[in-house]
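Now for the letters of each chain:
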Amino acid sequence: MNPYELSKPQKKIARTLIDSGLMKEYHNGIMMIDEIIREWKNNKLNNREAYLKIYKKLDRFDDHISNRYNNLSSSKYMFILAHQLSEGLITVDDLDELDEKFRAAVLFLATKRD
């Protein structure tokens with residue numbers, strides 16, 4: 001077995017971590033939209049400006065989400081976890097249940113992103 005290939009139980013752990021990070025990404029996206037809505041409510045944006053700003057922000061954010069998470073396969077887990085770690089969506093402690101070599105590879109990739 002490839003040292004970076006995860007067993008079935010390890011894949012479940014990785015997938016749970018990825019889902020947790022994805023939920024935080026959704027939250028971040030909603031908060032970005034909420035900021036635009038607050039600007040609109042405070043009359044800093046008119047209806048059209050607010051709508052277009054929300055649409056553009058959501059469209060870009062959706063592209064980001066789909067590029068990262070669509071067609072998710074176990075061969076991408078290491079890279080996705082590294083991205084999530086470097087962006088603060090998951091923590092080093094979250095990786096504790098993963099295989100030592102796999103965890104080390106995720107940490108290495110996450111530090112290379114900085």
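As for the overall build of the chain
Next up, step 1: Each helix and strand in the chain was counted, giving 4 helices and 0 strands.
Next up, step 2: Scanning the chain from its N terminus toward the C terminus, one meets helices and strands in the order α-α-α-α.
Next up, step 3: In terms of overall dimensions, the chain is more spread out than a globule: its C-alpha atoms have a radius of gyration of 18 Å, far above the 13 Å expected for 114 residues.
Next up, step 4: Structurally, the chain occupies a C-alpha span of about 60 × 25 × 25 Å along its principal axes.

Concerning helix H3 (residues 77-86)
Next up, step 1: In terms of burial, H3 is a largely internal element, 7 of the 10 residues being buried.
Next up, step 2: Along H3, the residues that are buried comprise Tyr-77, Met-78, Ile-80, Leu-81, Ala-82, Gln-84 and Leu-85.

Remarks on the packing of helix H1 (residues 8-41) against helix H2 (residues 47-69)
Next up, step 1: Here H1 crosses H2 at 170°, and the two axes come no closer than 9 Å. Relative to H2, the element H1 lies roughly antiparallel. For the pair H1 and H2, the contacting residues are Ile-18, Gly-21, Leu-22, Glu-25, Tyr-26, Gly-29, Met-32, Ile-33, Ile-36, Ile-37, Glu-39 and Trp-40 in the first and Asn-47, Ala-50, Lys-53, Ile-54, Lys-57, Leu-58, Phe-61, His-64, Ile-65, Arg-68 and Tyr-69 in the second.
Next up, step 2: Across the contact of H1 with H2, the residue classes tally to 14 nonpolar, 4 polar and 5 charged.

So, the pattern of salt bridges
Next up, step 1: Evaluation of the coordinates by the stated rule reveals 6 salt bridges.
Next up, step 2: Among the salt bridges present, the one from Arg-68 reaches Glu-87, with a minimum N-O distance of 2.8 Å. In this pair, Arg-68 sits in helix H2 while Glu-87 sits in the loop between H3 and helix H4 (100-113), placing the two residues 19 residues apart along the sequence.
Next up, step 3: Classification of Glu-87 by relative accessible area gives partly exposed; the value is 37%.
Next up, step 4: Among the charged side chains, a network of salt bridges with common partners joins Glu-25, Arg-68 and Glu-87.

Parameters at a glance
Residues numbered from 1 in each chain as written. Predicted model: local features only at pLDDT ≥ 70, side-chain atom pairs only at ≥ 80, totals over all residues. Heavy atoms only, no water. Helix = DSSP H or I, 4+ residues; strand = E, 2+ residues; numbered from the N terminus. Rg over C-alpha atoms; globule rule 2.2 N^0.38 Å. Buried < 20%, exposed > 50% of the residue type's maximum accessible area, 1.4 Å probe, protein only. Axes fitted to C-alpha atoms, helices over the stretch in contact; angles between N-to-C directions. Parallel < 35°, antiparallel > 145°, perpendicular 65-115°, else oblique. Contact = heavy atoms within 4.5 Å. Nonpolar A, V, L, I, M, F, W, Y, C, P; charged D, E, K, R; others polar. Salt bridge = Lys/Arg side-chain N within 4 Å of Asp/Glu carboxyl O.

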